[in-house]
Amino acid sequence: MEEMVGRWWHHAVTRLAQRGNPEAIVHLNDVQKSIGVLFRAAGGSAALRLAPASEQRMGGPRSWLQRVAGSGGRADTARLEPDVLALPASLSVFDDRTLNRDLYLWLAIQSACFEHTGNWVADNCRASLRGLCHFPGFAPRYRQLQSAHLSQRANPSHLRGTAALAEAAIQAALRGDGLSACQVEPSDVAPVWLWVGAGGALACGAARSAGTQDPVDAARANSAEDKQRRRTERAQESQGRNAMVLPFRGEALMSWSEMVRVNRSTDDEDDGNAVAAANDMDKLSLAPDGQTLASRVKFDLDLPSTSADDLPLGPGLHLPEWDYRRGVMQPDHCVVQVMEARPGASFVPSPTLRLTARRVRRRLETLRDAPRPQHGQDSGDAIDLDAWVRFSADQLGHCGLRSDAPPVYTRHARSERSLATLLLADLSLSTDAHATSQVRVIDVIRDALFVFGEALCAVGDPFAMWGFSSVRRHHVRLQRLKSFDEAWNETTRARVGAVRPGYYTRMGAAIRHATRQLSGRPERRRLLMLLTDGKPNDLDIYEGRYGIEDTRHAIHEAHAAGLSPFCVTIDESGHDYLPLLFGQRGYALVHRPEDLVNRLTQAWATLARQ
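Thresholds, definitions, all that
- Along each chain, residues carry numbers from 1 onward, in the same order as the chain's sequence is written.
- Under the rules for a predicted model, residues below a pLDDT of 70 receive no local features and side-chain atom pairs below 80 are neither given nor counted, while totals for whole chains, interfaces and linings still include all residues.
- With hydrogens and water set aside, each side-chain value is computed from the structure's full complement of heavy atoms.
- Residues enter patches when they are more than 30% accessible in relative terms and free of salt bridges; like-charged ones are connected within 9 Å and nonpolar ones (Val, Leu, Ile, Met, Phe, Trp, Tyr) within 5 Å.
- Residue exposure ignores everything except the shown protein chains as possible cover, and the areas themselves are Shrake-Rupley values with a 1.4 Å probe.
- Any carboxyl oxygen of Asp or Glu that lies within 4 Å of a side-chain nitrogen of Lys or Arg is treated as forming a salt bridge with it.
- Helix and strand assignments follow DSSP, with helices taken as H or I runs no shorter than four residues and strands as E runs no shorter than two, numbered in order from the N terminus.
- We call a set of buried Ala, Val, Leu, Ile, Met, Phe, Trp, Tyr and Cys residues a nonpolar core when their side-chain atoms join them within 4.5 Å.
- Remark: exposure states derive from per-residue accessible area (1.4 Å probe, protein chains only) relative to the maximum for the residue type, with buried under 20%, exposed over 50%, and partly exposed in between.
- Note on definitions: a residue-residue contact is assigned when non-hydrogen atoms from the two residues lie within 4.5 Å.
- Pairing between strands is defined by DSSP: at least two bridges between the two strands are required.
- As a rule, the C-alpha atoms of each element are fitted with a line to give its axis, helices using only the stretch in contact, and angles between N-to-C directions run from 0 to 180 degrees.
- Left-handed describes a crossing whose near helix is turned anticlockwise from the far helix by less than a right angle; the clockwise case is right-handed.
- Each residue gets one of three labels, nonpolar for Ala, Val, Leu, Ile, Met, Phe, Trp, Tyr, Cys and Pro, charged for Asp, Glu, Lys and Arg, and polar for the others, Gly among them.
- Pairing of aromatic side chains requires ring centres within 6.5 Å, counting the rings of Phe and Tyr and the six-membered ring of Trp. Pairs whose planes differ by under 30 degrees are stacked, by over 60 edge-to-face, and all others tilted.
- One less than the number of residues in a helix, times 1.5 Å, gives the span that helix is expected to have.
- Charge counting follows a simple rule: Lys and Arg are positive, Asp and Glu are negative, and His as well as the terminal groups are ignored.
- Think of each charge as sitting on NZ of Lys, CZ of Arg, CG of Asp or CD of Glu.
- The rule is simple: put a 1 Å grid over the protein atoms alone, call a set of points where a 1.4 Å probe fits but cannot get out a cavity, call an open set with protein on both sides within 12 Å along at least five of seven lines a pocket, and count a residue as lining if it has an atom within 4 Å of a point.
- Grid points are joined across faces, edges and corners, and a volume is the space filled by probe spheres set on the points.

Q: How do you make sense of a nonpolar patch on the surface when you look at a structure like this?
A: Taken together, the side chains of Trp8, Trp9, Trp64 and Val68 make up a nonpolar region of the molecular surface, amounting to roughly 580 Å² of accessible area. Contributing elements (two or more residues each) for the nonpolar patch: helix H1 (2-17) and helix H3 (64-69). Looking at the element boundaries, Trp9 is found in helix H1.

Next up, the structure:
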């Protein structure tokens, strides 16, 4: 009864002490796309990830009800971190929903123009001036936000000591009256919702890769229920000891009690208060455990013997890799080894797979003689919008182009298609997971490759198929399944049937190798298709933002070479990073892995008609 009354009292007082306007609340998910567009238009880094901000300790006056409830001392203000733009998960600062939405947009502009020099007030003032210079049309909205926020802040005359000086300096900076000599930190004043804080380097982000997380089962279990994002810092434990001190361990006197069979709690058991304790901390300090991911999974990474491994074809090929931290291309950083499966038994597809391949093959055979659109014609069936825009721009230009028959039409006619396709399949260790209760991901990929080969053989367009995996940068394996010079026959089918899970996913090197293969083709259109089931990653630093940035740079190189990259993925979280790599229309997400057999060929057919 006492616990029930206590919980009711806590919830009631906390609810009464809350400041905000629930009727005007705006959630981050509702404006996430607008924030991303505005942030990048203002010059923000395209590699930054948008995430909800964590609560930080704040200063400022609190009402007596907030003191009773123990609230009002923390707020989830905006912070710009090395890899993350952290914005509040929801905003109800103002009683007008439009103002709360404009506040999100302003924080995007402010973050894009923010440069951290150590002076929080001066940095934000400069960022505000840059933001208004880049977006002068936003100035009326900013003045409304500024006026509404200043009316909410406490009167400095009602405060005492350093709190009064800090609040006066903040309000003067917000009004544009100049900077004070008083050094102010975000924790000294009430939340300044129009400004951005600078976050330090994420713990383990610079020194350890994202894949070297400690295997704490309790933390993983809590992560499924607790979605709160928290800031961390790296802590170095001191190992020094005083050799002249002899410690006395009194607990050793009772060591005999360990022999008594009593169910005692241990430090490994969750007491149920871990999440509450984490919420009360500004930062979670993580100490290195002295182990790396490589040492923990060393047995799994042993390469097969030469007699059991695939056949290497020629010497390794050295390829560069992009280091986003230094902004340089590292020449000859990766070694790519072309491999080929040893001759073995022929691939015998199941009757169901044969039927699927036959049906897809008949459907795509119609593309061989189908009329194809020809753009920029002087007469045709429909308006070519791109050609019309170019012609209109030429008319408005200095040349004053005039024509009675402008080439602004699209006409469908039979013509020879000039299209080469290279399919690059991810054969990493993650494909060994089960897609359904009966088949693994690698089995679905094998079937999709077989159907893809049967379909393109019927169309008659040149195509190639490669698989890839990696073990660090010195061993990137490119599995040759079918080259452009080979025919689709029993040998190439056997190679497809012999694919198996490999190691890791150094995607940038694989894309650069495929770009070199396609760049030498004479066809007018060259399509690079990537089939994957997850993000780029490897054992070394090729994880997180490093892998994403290198893959993104490799895709830009493919675009510069005149290729058309396109990705087909079965990763449910693909929407989080694939738009950054391939663009909004440069990828297709297959929600059910068993549908990959049909969806892969459908994606190619759609691209071939464009």
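Q: Mind showing me how you'd approach the nonpolar core here?
A: As a rule of thumb, nonpolar side chains are buried together in soluble globular proteins. Among the nonpolar cores identified, the biggest contains 50 residues, and Leu103, Ile170 and Trp195 are the most heavily contacted of them. In terms of residue count, helix H4 (residues 97-112) provides more of this core than any other element does, nine residues in total. Every residue in contact with Trp195, bar those within four places of it in the chain, is listed here: Ala78, Leu107, Gln110, Trp120, Val121, Asn124, Cys125, Ser128, Ile170, Ala173 and Leu174. Counting 43 residues, the second-largest nonpolar core is a separate cluster that includes Ala425, Ala455, Val459 and Val568.

Q: I'm lost on the sheet that holds strand S6 (residues 84-87) in this one. Help?
A: The strands that make up a sheet pair up through hydrogen bonds in the backbone, lying either parallel or antiparallel. Strand order in the open sheet formed by four strands is S2-S6-S5-S8, and the pairing between neighbours is mixed. Of all the strands in the sheet, the pair left with one neighbour each is strand S2 (49-52) and strand S8 (197-198). As judged from the two bridges shared by strand S5 (residues 79-80) and S6, these two strands associate in the antiparallel manner. When the bridges of S6 are listed, Arg79 appears paired with Ala86.

Q: Explain the packing of helix H13 (residues 441-459) against helix H18 (residues 596-609) here, please?
A: A pair of packed helices is captured by two measures, namely the crossing angle of their axes and the spacing between those axes. One way to put it is that H13 packs onto H18 with a least axis distance of 8 Å and a crossing angle of 40 degrees. Regarding H13 and H18, the two cross each other, and that crossing is right-handed. Contacts between H13 and H18 involve Val444, Ile445, Asp447, Ala448, Val451, Phe452, Ala455, Leu456 and Val459 from the former and Leu596, Val597, Leu600, Thr601 and Trp604 from the latter. The residue makeup of the contact of H13 with H18, split by class, is 12 nonpolar, one polar and one charged.

Q: Would you mind going over the packing of aromatic side chains with me for this structure?
A: Aromatic ring pairs are defined here through the distance separating the ring centres and the angle between the ring planes. Per the counting criterion, the structure on display carries eight aromatic pairs. Geometrically, the ring pair formed by Trp106 and Tyr142 is tilted, given 4.4 Å between the ring centres and 40 degrees between the ring planes. Highlighted residues: Trp106 in helix H4 and Tyr142 in helix H6 (residues 139-152), separated in sequence by 36 residues. Residue Tyr142 is classed as buried on the basis of its relative accessible area of 8%. Taken together, a centroid distance of 5.2 Å and an interplanar angle of 85 degrees make the contact between Trp120 and Trp195 edge-to-face. Taken together, the positions of Trp120 in helix H5 (residues 120-134) and Trp195 in the loop between helix H7 (161-175) and S8 put the pair 75 residues apart, joining distant regions of the chain. Accessibility expressed as a relative area gives 8% for Trp120, which makes it buried.

Q: Looking at this structure, I do not really get the pattern of salt bridges. What am I missing?
A: Where charged atoms from two side chains of opposite charge approach closely, those side chains can pair. The full count for this structure, using the stated rule, is 28 salt bridges. A salt bridge links Asp550 to Arg512, with the shortest nitrogen-to-oxygen separation between them at 3.0 Å. Of this pair, Asp550 sits in helix H16 (residues 545-560) while Arg512 sits in helix H15 (residues 507-519), and the two are 38 residues apart along the sequence. Asp550 gets classed as buried once you look at its relative accessible area, which sits at 0%. For Arg512, a relative accessible area of 4% gives the class buried. Three or more residues are tied together by salt bridges with common partners; here these are Glu321, Arg506, Asp538 and Asp540.

Q: Which parts of the structure should I look at to understand H15?
A: Since one α-helical turn is 3.6 residues long, residues separated by three or four positions face the same way. Helix length check: H15, at 13 residues, gives a terminal C-alpha distance of 18 Å against a target of 18 Å (1.5 Å per residue), a fit within 8%. Burial analysis of H15 places 10 of its 13 residues in the buried class, which makes it a mostly covered element. Buried within H15 are the following residues: Met507, Gly508, Ala509, Ala510, Ile511, Arg512, His513, Ala514, Thr515 and Leu518.

Q: Explain a positive patch on the surface here, please?
A: Together, Arg354, Arg358, Arg359, Arg362, Arg363 and Arg609 make up a positively charged patch on the protein surface. Considering every element that reaches the positive patch, the biggest residue donor is helix H11 (residues 351-365), with five residues. Mapped onto the elements, Arg609 comes out in helix H18.

Q: Help me out: how do you make sense of empty space enclosed by the protein in this one?
A: By rolling a water-sized probe across the atoms, one finds the places where empty space is left. In this structure the tally under the stated criterion is two cavities of 30 Å³ or more. Computed from the structure, the largest cavity encloses a volume of approximately 70 Å³. Along its surface, the largest cavity is lined by Met58, Thr77, Ala78, Arg79, Trp120, Pro186, Pro191, Val192, Trp195, Val196 and Gly197. Considered class by class, the residues forming the lining of the largest cavity number eight nonpolar, two polar and one charged. Estimated volume of the second largest cavity: approximately 30 Å³. Lining the second largest cavity are Leu424, Ile511, Leu528, Leu530, Ile555, Pro565 and Phe582. Of the residues in the lining of the second largest cavity, the class split is seven nonpolar, no polar and no charged.

The analysis is restricted to geometry; functional conclusions fall outside its scope.
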